[in-house]
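Coordinates in review
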There are 2 protein chains.
Amino acid sequence: MASSSSLHLSQALLARAVYLHGFNSSSSDRVSLTFPSFSGLKSHSPCKAATSTSASRRRGGAISTTVRAAAVETLGQTTEVSLVEKSINTIRFLAIDAVEKANSGHPGLPMGCAPMGHILYDEVMRYNPKNPAWFNRDRFVLSAGHGCMLQYALLHLAGYDSVQEEDLKNFRQWGSRTPGHPENFETVGVEVTTGPLGQGIANAVGLALAEKHLAARFNKPDNEIVDHYTYVILGDGCQMEGISNEACSLAGHWGLGKLIALYDDNHISIDGDTEIAFTENVDQRFEALGWHVIWVKNGNTGYDEIRAAIKEAKAVKDKPTLIKVTTTIGYGSPNKANSYSVHGSALGAKEVDATRKNLGWPYEPFHVPEDVKKHWSRHASDGAKLEAEWNAKFAEYQKKYSEEAAELKAIITGELPAGWEKALPRYTPESPGDATRNLSQQNLNALVKVLPGLLGGSADLASSNMTLLKSYGDFQKATPEERNVRFGVREHGMGAICNGIALHSPGFIPYCATFFVFTDYMRAAIRISALCEAGVIYVMTHDSIGLGEDGPTHQPIEHLASFRAMPNVLMLRPADGNETAGSYKVAVLNKKRPSILALSRQKLPQLPGTSIEGVEKGGYIISDNSSGNKPDVILIGTGSELEIAAAAAEDLRKEGKAVRVVSFVSWELFDEQSDAYKESVLPASVSARVSIEAGSTFGWHKIVGSKGKAIGIDRFGASAPAGKIYKEFGITKEAVIAAAKEVS
Amino acid sequence: MASSSSLHLSQALLARAVYLHGFNSSSSDRVSLTFPSFSGLKSHSPCKAATSTSASRRRGGAISTTVRAAAVETLGQTTEVSLVEKSINTIRFLAIDAVEKANSGHPGLPMGCAPMGHILYDEVMRYNPKNPAWFNRDRFVLSAGHGCMLQYALLHLAGYDSVQEEDLKNFRQWGSRTPGHPENFETVGVEVTTGPLGQGIANAVGLALAEKHLAARFNKPDNEIVDHYTYVILGDGCQMEGISNEACSLAGHWGLGKLIALYDDNHISIDGDTEIAFTENVDQRFEALGWHVIWVKNGNTGYDEIRAAIKEAKAVKDKPTLIKVTTTIGYGSPNKANSYSVHGSALGAKEVDATRKNLGWPYEPFHVPEDVKKHWSRHASDGAKLEAEWNAKFAEYQKKYSEEAAELKAIITGELPAGWEKALPRYTPESPGDATRNLSQQNLNALVKVLPGLLGGSADLASSNMTLLKSYGDFQKATPEERNVRFGVREHGMGAICNGIALHSPGFIPYCATFFVFTDYMRAAIRISALCEAGVIYVMTHDSIGLGEDGPTHQPIEHLASFRAMPNVLMLRPADGNETAGSYKVAVLNKKRPSILALSRQKLPQLPGTSIEGVEKGGYIISDNSSGNKPDVILIGTGSELEIAAAAAEDLRKEGKAVRVVSFVSWELFDEQSDAYKESVLPASVSARVSIEAGSTFGWHKIVGSKGKAIGIDRFGASAPAGKIYKEFGITKEAVIAAAKEVS
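Calculation notes
Residues numbered from 1 in each chain as written. Chains lettered and ligands numbered in written order. Predicted model: local features only at pLDDT ≥ 70, side-chain atom pairs only at ≥ 80, totals over all residues. Heavy atoms only, no water. Helix = DSSP H or I, 4+ residues; strand = E, 2+ residues; numbered from the N terminus. Contact = heavy atoms within 4.5 Å. Areas by Shrake-Rupley, 256 points an atom, 1.4 Å probe, with all protein chains shown as cover. Buried area = accessible area lost by both parts, 1.4 Å probe. Salt bridge = Lys/Arg side-chain N within 4 Å of Asp/Glu carboxyl O. Polar contact = N/O pair within 3.5 Å; in protein donor to acceptor, adjacent residues only side chain to side chain. pLDDT = per-residue confidence, 0-100. Least-squares fit on C-alpha atoms with pLDDT ≥ 70 in both. Buried < 20%, exposed > 50% of the residue type's maximum accessible area, 1.4 Å probe, protein only. Expected span 1.5 Å × (residues − 1). Pairing = 2+ DSSP bridges. Axes fitted to C-alpha atoms, helices over the stretch in contact; angles between N-to-C directions. Core = buried A, V, L, I, M, F, W, Y, C linked by side-chain atoms within 4.5 Å. 1 Å grid on protein atoms, 1.4 Å probe; cavity = no way out; pocket = protein on both sides within 12 Å on 5 of 7 lines; lining within 4 Å. Points joined across faces, edges and corners; volume = space filled by probe spheres on them. Nonpolar A, V, L, I, M, F, W, Y, C, P; charged D, E, K, R; others polar. Parallel < 35°, antiparallel > 145°, perpendicular 65-115°, else oblique. Left-handed = near helix turned anticlockwise from the far one by under 90°. UniProt positions renumbered as here; feature names shortened; annotations may be inferred. Phe/Tyr/Trp six-rings, centres within 6.5 Å; stacked < 30°, edge-to-face > 60°.

Things to note about the overall build of chain A
Across its full length, chain A holds 27 helices and 22 strands. A separation of at least 24 residues holds for 79% of the contacts in chain A among residues at least 6 apart in sequence. Just so you have it, chain A exposes about 22500 Å², and 51% of that area is on carbon and sulfur atoms.

And the structure:
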């Protein structure tokens, strides 16, 4: 295991310093040096696992000829190879040991990707382990999230306080900081939540978009205050998912040059060899998507190949880069490497022993050798230095460009400008009626003036969703400072990209839009928003049969219910202008959960009694002629049906009934109110309750109770003018009146 | 508008006959003739809309050099060009007039795609308009479903009874057979339901898979009884959706040579020029996916180009073909062509007039000129002849290969073999406990022996979902007769492909599998299953926090609720062996709606009292020590929690309580029972009810009532061993007992 080549320590330190400040930076004023070649070491192979196995049996050799293999160049790398390999094996065994102890997890990926993991975290990436939130850090996303022990091992070595030895030993246990997949809300240092395949690479597109946008908006010729990369490791599974093609098509379109994705091409997925279901030419597809593509043929021990590829990727400024790194899954395991058996189960004591022997690893489980520890220990001070330098840079920026600095700071900290909510429009019953999708656009255009982090767009429905920011142009390759994002017809990618934007910096408030029914296309991304606490605003228009002629494929029925059932989502269905403004207020304030706004295509009146303040309580009384909190009947509506409830109440009151009308704009917010408040709106003693909503009645029985009645639609919609469908489906004032009489 | 070239009628008839029997067939014993060239006509351009506009400004000329443009060859086409153009304009104006009358719809695509539509339905496709269900018909899918007036116009001209003039005039109206998007359940002749983009192309992959499978299974050297094509028209929107990349990657992998997709490359989507969000090289991407790619540069008037491309596509047997047809959206409209304004709105009276003038169309709205009508009228007799020929062929097949014929017939008709349900395994409480995912595999392997149309697979989780059919190999390019389908990590494509298989022939029973939580990735396809009445079986394992360590990204919480809210879905959560068998019985019998089976990862006991018959009723009593239908308390459980309810009942009974335990395996089926039956299970007088389910309580209040208690999980899960999470989340016997005491 001894290395045949090394540099004197002083040289090594110099080299590393230059490496950090030259190799990693895109600034032109940095030093660039040439170091002695280590290419002679690349054949150093201390273990049995054949390094060329997987490379030599690549998909029928159908690699596009235009994809160049990574050059094995002379690089500015100075750490002794023996130490590099020791570090890489440390990563491997931390993963092996943690999975073994938990008897659960995925050792295969960490074992195969340890070399690229090491190079990224030890040599390439700029971060401060003692302040993982440092704004200008490079971002890393493990899109193949099942391999999370790779990331935990790296965070541990790099000195993040969040992953101590104890945490590694508690891998996948109750209450631990090392859950079964990377979760940003559990583990400081993890940027996003991955595991569901393809989400991570799409998140990374969002992170890179955020960087490109901020850099274009705030960098000055004399001060490039925003300057960092986004690195991803993704696997075959991510590549097969449609979401990754959507997001990567956009990354290519936008020319996200600072997005560098390392594709762990290990040819194995859960069902065995990828040959059984995945024979496309990935390289060629990515070229078609506008990416720069590099192939590292030996990802197992070709450290210089990996380094050269990353260097080349950084040199390509106008395109994202895919580095296909051919690896052996479970590298080092003599009997399980290169098979699906190493993908998702512990190796077993016997094979762990065999692997220890094979890789020459004499240490106890979870042991980090002293020299490895020492080697990595520099990241604390280096990181602090990087941050201090950046802070100094920011201080200068602030002096010279105070206005921009204040805006950037707001994005970095997430602090909302004082009085921002005054920008929200207010309406009176005399204000002209309008579709809530149009009222939504008034809010977006008002808010963008006061919220520096608001940006977003639609999945090719901007003119239907009404999401254009009129004072801004399009975020495009040549105009990344703009704030209208054009996602194309890519709902799933859109949602996940917005998650990435939201998690880039606390002050970002991304919104995205499509027809409400097409939340079905992006549901997995919305669920991740909810889980990873990304405050994305989902602007979902055409929210019911009220869209009319497009018919049942376009008419949401079960969607309100389906999101009310999802944890940590605010599902809002405003009825008019004030409620739309209230929904935006709530959405902006709830940074730790996504908000979904269900908005009408059709025109609605401005109703008496609605208010922003009411929306903040989720459910509230908009009109009432009862006294003593004892109405004869309570009519409950949401969105476009609140108007119907109000009209029915008018008629019932004329007949002498005491009728309360409740707007139930957000069930979640209502649920969070005090019992006293809830009792004041829905008194337990009043069981005569009727709800009306142009959607599934599923769930409404909790609100209307066993004796109440829920009016809704428990079948698919139909193609016809909206008014006709409402009538045929019985979503009418007459139906509410009849139900009210029945229950009261 | 006069054509400068024509053939004598007799020649034309001969040519057409040969065309039908030579050009359309892949049999080698057919005649192949060469006809006079019409290439001189391709410049015939009767209208202002520039035919080269869109072709000349293609995405920066970045067309892969390996993609050949379609040759303008001498083809067996005999209809006078003037008549072809008249027919094409008939299609255009039927679309224009119907959208105009409805004042709603999408005229742009039909106007641009009328030439390819005409060529497909008038010249290429084999079908019988008087028996649209004829088994060996070519299938057509309009993946860009918003352009449905194209398909309605074609069905009308071709003589399908389902689309009469009256139907065209009722486009998008209540109760019409011409809804706003193509819906197979509304319009006979429409194969699948499209509109949500990308679904159609994925359905088409399923249709083509079905053909390839049946052909491989049933064709004999002397009798190719299965032999038809699947044609698709898809647009830019479909291309951007991830699902289409998933499905097309599989189509390339499987080598579906009889799948021919015409890509309407019109460069316009709703938000304007596709340049703003879609600049990838589609041709190159499809080559990377293993498709044959052809470019028709002039899709507006290059009829021979289109014909040549289709001919070439049919000659390529081992790959699917993408024909990129560059067209002008809204072709013929002098002021709106080639702009998004023609995509999704009526042209307006003035522009309709201008278009009539521009295309030289003197007719009233909805008029089909006599010569066009006469020309198309032959399809009724031709279709009948095609079917009669095939019937004769099948009769011969039946004589010679009676066993295979019976099996094929069962697939064609959908008739289940008598006594098939005897194959379902039955269990006693003494049978060994097992995870329902394993019990599911026992059912699948038992059923495949008696159900000739059962086939399916998993999205790269076969060994976790337990979906392998042990007596069959993999459906692959070289072994398409096999019945294990390997979908790769492509849930969304998988669901839509299964919809296509299900709708190919009534006897197909496709199943597909992933972790239950990843229904989020395929929800749009599942919704289409429900809407289009495709009896797909969704085998969804790892159905709760019971999966343990993989954590919240993998633990479904709200998924049961979200599908119970979806119309026309059977959501089934069996508790043990008998209930799993019952779920399969229900799933197989319900051909007109999809079934979702939520199955456990963890081992469960075989419970006393469960039965197949009980499952068929959705909810039923598994144990009861009460009398007179008056239990002290009713405990209701599903799936893995039924065991907990049963154990709690045991304890409560020891304390002297009269306790009923109800399995609530399918809410939908229970809801369909008689009131008397429902009362016998859940008597209105008993309000002491406790439900337990390891998922969201959303919706349960309808079952347990205002005074009952729902035990469940209304937060995201956690990464830890399953038992620990159950305990921490209070999904325990103790919680049920406490709740039962509280409510009774």
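A look at the interface of chain A and chain B
It is common to give the size of an interface as the accessible area lost on bringing the parts into contact. Listed as interface residues are 99 residues of chain A and, on the opposing side, 99 residues of chain B. Together chain A and chain B conceal approximately 8000 Å² of surface at their shared face, both sides included; 58% is due to carbon and sulfur atoms. Here chain A and chain B share ten salt bridges between them. Measuring nitrogen to oxygen at the nearest pair gives 4.0 Å for the salt bridge that ties Asp520(B) to Arg527(A). For the interface between chain A and chain B, the tally reads 50 residue pairs in polar contact (both at pLDDT 80 or more).

Topic: the confidence of the model for chain A
Residue and element names in this part refer to chain A. Of all residues in chain A, 90% have pLDDT values of 70 or greater, and the mean over the chain is 91. Confidence drops under pLDDT 50 across residues 1–65; counting only partners more than four residues distant or on other chains, this segment forms 127 contacts. For this predicted complex, the interface confidence comes out at an ipTM of 0.92, alongside a pTM of 0.92.

Considerations on the relation of the copies chain A and chain B
The transform that puts chain A on chain B rotates by 180 degrees and translates by 0.0 Å along the axis, for an RMSD of 0.0 Å. Interpreted geometrically, this transformation is the action of a two-fold axis. Mapped onto chain B, 100% of the interface residues of chain A are again interface residues, and the two copies thus contact each other with one and the same surface.

Some details on the pattern of salt bridges
Scanning all chains against the criterion turns up 76 salt bridges over all chains. Where Arg486(B) meets Asp271(A), a salt bridge forms, and the shortest distance between an N and an O atom there is 3.4 Å. Taken together, the residues span two chains, with Arg486(B) in strand S12 (residues 484–486) and Asp271(A) in the loop between strand S5 (268–269) and strand S6 (272–273). Neither residue differs from the other here; Arg486(B) and Asp271(A) are each classed as buried. Close ionic contact of Arg573(B) with Asp543(B) constitutes a salt bridge, the shortest N to O distance being 2.8 Å.

Some thoughts on helix H9 (residues 242–254) of chain B
Residue and element names in this part refer to chain B. When the terminal C-alpha atoms of H9 are compared, their 19 Å separation across 13 residues agrees well with the 18 Å that a helix rising 1.5 Å per residue should span. Counted residue by residue, H9 has 13 buried out of 13 residues, so it is predominantly covered. Residue Gly 255 follows H9 closely and has a positive phi angle near 65 degrees.

A few points about the sheet that holds strand S14 (residues 537–541) of chain B
Strand pairing in a sheet relies on backbone hydrogen bonds, with the paired strands running either antiparallel or parallel. Residues and elements named next belong to chain B. With respect to topology, seven strands assemble into an open sheet ordered S11-S12-S10-S13-S14-S16-S15, the strand pairing being parallel. A single partner strand is all that each edge strand has here, and the edge strands are strand S11 (474–475) and strand S15 (570–572). Direction of pairing for strand S10 (residues 454–458) relative to strand S13 (residues 509–515): parallel, over a ladder of five bridges. By the bridge assignment for S13, Leu 454 is matched with Ile 509. Here helix H17 (residues 491–504) sits on the sheet and contacts S10, S13 and S14; the angle it forms with S13, its principal contact strand, is near 170 degrees. Contacts from helix H18 (residues 519–531) reach S13, S14 and strand S16 (595–598), with the element oriented near 160 degrees to S14.

Here we look at the nonpolar core
Soluble, globular proteins show a tendency: their nonpolar side chains are buried together. Among the nonpolar cores identified, the biggest contains 100 residues, and Leu635(A), Ile731(A), Leu635(B) and Ile731(B) are the most heavily contacted of them. Residue contacts for Ile731(B): discarding those within four places in its chain leaves Ile545(B), Glu641(B), Ile644(B), Ile692(B), Glu693(B), Ala694(B), Ile711(B), Gly712(B), Ile713(B) and Tyr726(B). By size, the runner-up hydrophobic cluster in this structure holds 83 residues, among which are Leu197(A), Tyr401(A), Ala459(A) and Ile497(A).

A look at empty space enclosed by the protein
Any empty space left between the atoms is revealed when a probe the size of a water molecule rolls over them. Applying the stated criterion across every chain, the model contains 19 cavities of 30 Å³ or more. Approximately 100 Å³ is the volume found for the largest cavity. Glu241(A), Gly242(A), Ile243(A), Glu246(A), His492(A), Tyr521(A), Glu241(B), Gly242(B), Ile243(B), Glu246(B), His492(B) and Tyr521(B) together form the lining of the largest cavity. Across the lining of the largest cavity, the residue classes break down as four nonpolar, four polar and four charged.

Some points on the sheet that holds strand S12 (residues 484–486) of chain A
All names here are of chain A. Spatial ordering of the open sheet is given by S11-S12-S10-S13-S14-S16-S15, a layout of seven strands whose pairing is parallel. The sheet terminates laterally at strand S11 (474–475) and strand S15 (570–572), the two strands that pair on one side only. Relative to strand S16 (residues 595–598), S15 runs parallel, the two being bridged by three bridges. From the neighbouring strand, Met 571 faces S16, where its bridge partner is Ile 596. Sheet contacts for helix H17 (residues 491–504): strand S10 (454–458), strand S13 (509–515) and strand S14 (537–541); angle to S13, the most-contacted strand, approximately 170 degrees.

Focus: the packing of H17(B) against H18(B)
All names here are of chain B. The contact between H17 and H18 brings their axes to 7 Å, and the two run at 15 degrees. By the angle class used here, H17 and H18 are roughly parallel. Pair H17 / H18 crosses with left-handed handedness. Across the interface between the two elements, Glu 491, His 492, Met 494, Gly 495, Ala 496 and Asn 499 from H17 touch Tyr 521, Met 522, Ala 524, Ala 525, Ile 528 and Ser 529 from H18.

Quick look at the UniProt feature "binding site: substrate" (unreviewed entry) in chain A
Residues and elements named next belong to chain A. As annotated in UniProt, the feature "binding site: substrate" (unreviewed entry) corresponds to His 106, His 343, Arg 437, Ser 464, His 542, Asp 550, His 554 and Arg 601 in the numbering used here. Across 496 residues of sequence, these annotated residues are also dispersed in space, with a maximum C-alpha separation of 47.8 Å. Looking at where Arg 437 falls in the secondary structure, it is placed in helix H15 (residues 436–447). Given the relative accessible area of 15%, Arg 437 is considered buried. The residues contacting Arg 437, other than those within four sequence positions of it, are Ser 463, Ser 464, Asn 465, Met 466, Thr 541, His 542, Leu 599, Ser 600 and Arg 601.

With respect to the environment of Tyr620(B)
Residues and elements named next belong to chain B. Along the chain, Tyr 620 falls in strand S18 (residues 620–624). The spatial distance from the C-alpha of Tyr 620 to the C-alpha of Ala 388 is 50 Å, given a sequence separation of 232 residues. In terms of polar contacts, Tyr 620 uses its side chain to reach the side chain of Glu 579, at 2.6 Å.

Details of the packing of aromatic side chains
A full pass over the atoms with the stated rule returns 49 aromatic pairs over all chains. An angle of 25 degrees between the planes, with centres 6.1 Å apart, marks the rings of Phe515(B) and Phe518(B) as stacked. Under the relative-accessibility criterion, Phe515(B) is labelled buried at 8%. By the ring-pair criterion, three or more aromatic residues cluster together here, those being Phe664(A), Trp667(A), Phe670(A), Tyr677(A), Phe698(A), Trp700(A), Phe664(B), Trp667(B), Phe670(B), Tyr677(B), Phe698(B) and Trp700(B).

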